[in-house]
Amino acid sequence: MNLERAQLGILAALAATIPVSIFASQLLLWLSIGVLVARLVTHRARLVRTPLDTPMLALVVWTLLAASFAQDPIQSHEDSKKLLLFALFYVGVEALGRPAGRERVLASVLLGGLALAGLMVAQHLFLGFDRMDRRPSGF
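None of the values given here were measured: they were computed from a predicted structure. (Residues numbered from 1 in each chain as written. Predicted model: local features only at pLDDT ≥ 70, side-chain atom pairs only at ≥ 80, totals over all residues. Heavy atoms only, no water.)

Asker: Describe the environment of Leu111, naming the residues involved and giving the relevant values.
Answerer: Counting through the fold element by element, Leu111 comes out in helix H6 (residues 99-126). Note: C-alpha distance between Leu111 and Met132 (21 residues apart in sequence) is 27 Å. (Helix = DSSP H or I, 4+ residues; strand = E, 2+ residues; numbered from the N terminus.)

Quick look at the structure:
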């Protein structure tokens, strides 16, 4: 299987599931990071340097350093796992470097947004979510 196509497909699925399911989007994020690491190890991809590398690295280092000196370092380091979301930036930069990839992911984002909007309209029209105290909740 072509890892480049797999990464683009996983990133497109990730983009489509972000408004729909947190679990699915996190699972797809882990898969996309895994595929990117596999591509880097086999020299089928390389990370592109961006102007955001230094500020993001500084934020990660500062966050982990601050977590080390917190009152509850174990809990602080556990909460720091959200720093992994920065990897999505590099997955996106690598996969969206080609115009076809950008179009596929943009179409997926729009499809996910359309699915969410359709559900909200259906909740309003058919399930009685039509007052301020009963707003459509989405997924």
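Structure's up, so let's keep going.
Asker: How would you sum up helix H1 (residues 3-17)? Please name residues and give values.
Answerer: With 15 residues, H1 extends 21 Å from end C-alpha to end C-alpha; this agrees with the ideal 21 Å at 1.5 Å per step. Within H1 the residues assigned to the buried category are Ala6, Gln7, Leu8, Ile10, Leu11, Ala12, Leu14, Ala15, Ala16 and Thr17. Against the buried residues of H1 lie helix H2 (22-41), helix H5 (86-95) and H6. Residue Asn2 occupies the N-cap position of H1, its side-chain oxygen lying 3.1 Å from the main-chain nitrogen of Glu4. (Expected span 1.5 Å × (residues − 1). Buried < 20%, exposed > 50% of the residue type's maximum accessible area, 1.4 Å probe, protein only. Contact = heavy atoms within 4.5 Å. Polar contact = N/O pair within 3.5 Å; in protein donor to acceptor, adjacent residues only side chain to side chain.)

Asker: Can you explain the layout of surface pockets? Please cite residues and give values.
Answerer: A water-sized probe, rolled over the atoms, reveals where empty space remains. Considering only enclosed or pocket space, the largest pocket measures out at about 350 Å³ in volume. If you trace the largest pocket, you find it lined by Leu14, Ile18, Ile22, Ser25, Gln26, Leu29, Trp30, Lys81, Lys82, Leu84, Leu85 and Leu88. Ranked by residue count, the leading element in the lining of the largest pocket is H2, at 5 residues. Of the residues contributing to the lining of the largest pocket, the split by class is 8 nonpolar, 2 polar and 2 charged. As a volume, the second largest pocket reaches approximately 250 Å³. Taken together, Ile33, Leu36, Val37, Leu40, Leu47, Val48, Arg49, Asp53, Ala87, Tyr90 and Val91 make up the lining of the second largest pocket. Elements represented by at least two residues in the lining of the second largest pocket include exactly H2 and H5. (1 Å grid on protein atoms, 1.4 Å probe; cavity = no way out; pocket = protein on both sides within 12 Å on 5 of 7 lines; lining within 4 Å. Points joined across faces, edges and corners; volume = space filled by probe spheres on them. Nonpolar A, V, L, I, M, F, W, Y, C, P; charged D, E, K, R; others polar.)

Asker: Provide a residue-level description of the side chain of Thr17, including the pertinent values.
Answerer: Note that Thr17 resides in helix H1. For Thr17, a relative accessible area of 18% corresponds to the buried category. Within the local environment of Thr17, its side chain forms a polar contact with the backbone oxygen of Leu14, the two atoms lying 3.2 Å apart.

Asker: Describe the packing of H2 against H5, naming the residues involved and giving the relevant values.
Answerer: Where H2 meets H5, the closest approach of the two axes is 10 Å, and the angle between their N-to-C directions is 60 degrees. Relative to H5, the element H2 lies oblique. Classified by chirality, the crossing of H5 by H2 is left-handed. Facing H2, whose interface residues are Leu29, Ser32, Ile33, Leu36 and Arg39, H5 presents Ala87, Leu88, Tyr90, Val91 and Glu94. Looking at the contact of H2 with H5 residue by residue, the classes come out as 7 nonpolar, 1 polar and 2 charged. (Axes fitted to C-alpha atoms, helices over the stretch in contact; angles between N-to-C directions. Parallel < 35°, antiparallel > 145°, perpendicular 65-115°, else oblique. Left-handed = near helix turned anticlockwise from the far one by under 90°.)

Asker: Got a sec to walk through the pattern of salt bridges? Specific residues and values, please.
Answerer: Going through the model one piece at a time under the given rule, you end up with 1 salt bridge. Two residues, Arg39 and Glu94, come together in a salt bridge whose shortest N-O distance is 2.5 Å. A residue pair is termed long-range when its members are at least 10 positions apart, and Arg39 in helix H2 and Glu94 in helix H5 qualify at 55 residues. Judged on exposure class, the residue Arg39 and its partner Glu94 are both buried. (Salt bridge = Lys/Arg side-chain N within 4 Å of Asp/Glu carboxyl O.)

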